[in-house]
Amino acid sequence: MTLRHFLRDDDLTAAEQHEILTRAKAIKAAPFRDRSLAGPEVVAVLFDKQTLRTQVSFTAAIAHLGGFPMVIDGKLAQVGVRESIADTARVLGREAVAIVWRTYGQERIEEMASYANVPVINALTDEFHPCQVLADLLTINEHKGRLAGLTFGYVGDGANNMAQSYLLGGALAGLHVRIGTPAEYQPNPDYLERAAQIAAEQGGSVTVVDNPVDAVAGADVVATDTWVSMGKEKESDSRKGSSSPFARFAVTADLMAQAAPDAIFLHCLPAYRGFEVDAEVIDGPQSVVWDESENRLHAQAAVLSWLREQHRASTR
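We now turn to the structure provided with this report. (Residues numbered from 1 in each chain as written. Predicted model: local features only at pLDDT ≥ 70, side-chain atom pairs only at ≥ 80, totals over all residues. Heavy atoms only, no water.)

1. A word on the packing of aromatic side chains
Reasoning step 1: Scanning all chains against the criterion turns up five aromatic pairs.
Reasoning step 2: Residues Phe128 and Tyr191 carry aromatic rings whose centres are separated by 4.7 Å and whose planes lie at 55 degrees to one another, so their mutual orientation is tilted. You can see Phe128 sitting in the loop between strand 4 (120–124) and helix 6 (130–144) and its partner Tyr191 sitting in helix 8 (residues 189–202), a full 63 residues away along the chain.
Reasoning step 3: Between Trp227 and Phe246, the aromatic rings sit 5.9 Å apart at their centres with planes inclined by 25 degrees, giving stacked as the arrangement. Of this pair, Trp227 sits in the loop between strand 8 (221–224) and helix 10 (236–240) while Phe246 sits in the loop between helix 10 and helix 11 (253–256), and the two are 19 residues apart along the sequence.
Reasoning step 4: The buried category is assigned to Trp227, whose relative accessible area is 3%. (Phe/Tyr/Trp six-rings, centres within 6.5 Å; stacked < 30°, edge-to-face > 60°. Helix = DSSP H or I, 4+ residues; strand = E, 2+ residues; numbered from the N terminus. Buried < 20%, exposed > 50% of the residue type's maximum accessible area, 1.4 Å probe, protein only.)

2. Focus on the sheet that holds strand 7 (residues 205–209)
Reasoning step 1: Ordered by their spatial adjacency, five strands build an open sheet running 7-6-5-8-9, and the pairing between neighbours is parallel. Because the sheet does not close on itself, it has two edges, and the strands there are strand 7 and strand 9 (264–267). Each strand of the sheet is rotated relative to its neighbour by a mean of 20 degrees, with strand direction disregarded.
Reasoning step 2: One ladder, built from four bridges, connects strand 8 with strand 9; its direction is parallel. (Pairing = 2+ DSSP bridges. Axes fitted to C-alpha atoms, helices over the stretch in contact; angles between N-to-C directions.)

3. Re empty space enclosed by the protein
Reasoning step 1: With the rule as written, the count across this model stands at one cavity of 30 Å³ or more.
Reasoning step 2: There is about 50 Å³ of room inside the largest cavity.
Reasoning step 3: Around the largest cavity, the lining residues are Leu37, Val97, Ala98, Pro119, Ile121, Leu304, Leu307 and Arg308.
Reasoning step 4: In terms of residue count, helix 13 (residues 289–314) provides more of the lining of the largest cavity than any other element does, three residues in total. (1 Å grid on protein atoms, 1.4 Å probe; cavity = no way out; pocket = protein on both sides within 12 Å on 5 of 7 lines; lining within 4 Å. Points joined across faces, edges and corners; volume = space filled by probe spheres on them.)

4. Quick look at the nonpolar core
Soluble globular proteins: nonpolar side chains tend toward being buried together.
Reasoning step 1: Core analysis: the largest hydrophobic core is formed by 62 residues, its most contacted members being Val43, Ile121, Ile140, Phe152 and Leu304.
Reasoning step 2: A per-element tally of this core places helix 13 first, with eight residues.
Reasoning step 3: What Ile121 contacts, discounting residues up to four positions off in sequence, is Phe6, Phe58, Ile99, Val100, Trp101, Ile109, Cys131, Val303, Leu304 and Leu307. (Core = buried A, V, L, I, M, F, W, Y, C linked by side-chain atoms within 4.5 Å. Contact = heavy atoms within 4.5 Å.)

5. Notes on the sheet that holds strand 2 (residues 68–73)
Reasoning step 1: Spatially, four strands are ordered 2-1-3-4 in an open sheet, and the strand pairing comes out parallel. Either end of the sheet is taken by a strand with one partner, and the two such strands are strand 2 and strand 4. Taken over all neighbouring pairs, the strand axes of this sheet differ in orientation by 20 degrees on average, direction set aside.
Reasoning step 2: By the bridge criterion, six bridges tie strand 1 (residues 42–47) to strand 2 in an arrangement that is parallel. Each residue of the ladder has a partner; that of Val43, found in strand 2, is Pro69.
Reasoning step 3: Taken strand by strand, helix 5 (residues 106–115) contacts strand 1, strand 3 (98–102) and strand 4, and its axis lies near 165 degrees from that of strand 4.
Reasoning step 4: Helix-sheet contacts for helix 13 involve strand 1, strand 3 and strand 4, and the interaxial angle to strand 4 is about 160 degrees.

In short, shape yes, function no, at least from these values alone.
Quick look at the structure:
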């Protein structure tokens, strides 16, 4: 059996995504019943980028599974600078049963996976945020009772990691994914093409539009993200200023009203009220962002548990 990693949303099949979400529900219902990492087994958790929810949720998830989170400060380790990614992977693979990495380019985590002899999990890269999308799908399922056939409207930066993971992960779940974004901030065409292929197989669809109303009209779920992703700080003035191309994509009460009356609102956080979302939306009755934040813990515990099970089976 091939060593499995979770580097991007479509590393899973639709059936595997469903299996992990089902496992996440069970873990949430009984947090300490799954002891996949009992020992405690060590999971290496590296952070090159700033973090709150990722560090909290992964360390808690590992502990809940009976493991030990070996947290590594990427700025101190200087992976790829002081020591090559390949050598780091070889070191960590001897001392941990899995590697979790929050880093920059997707090529970095792919190189880590190619040299590690244990599962590698993408805790965020510039291209994808697959663990967040699993948490979002878990949240949607909790509030809507299903995933397949629902309409999901995202508005904001269509070229960022959340939009691209929503395309792939949402397509796997059978959602009708709409990305509303300025014309100059389109998703990577290769990822869009891949998402369209998956959606056709799963009975969903993917659409990119440059009108926010078209993106959210009648939607069951509305989502957004910061307009200034990590690594884009130098563009903050142009992205947040009065002439920002994103200004008309802000999730206001008026825009939210274009969605279905019982639509829910998602935001992966941190949120900047008054920019990508109004306070009355994110703090209002349709917002489920705190459920979404908590569900990072349960979704990631399920990913760790599932990958550990796959790895044990591959080494028998």
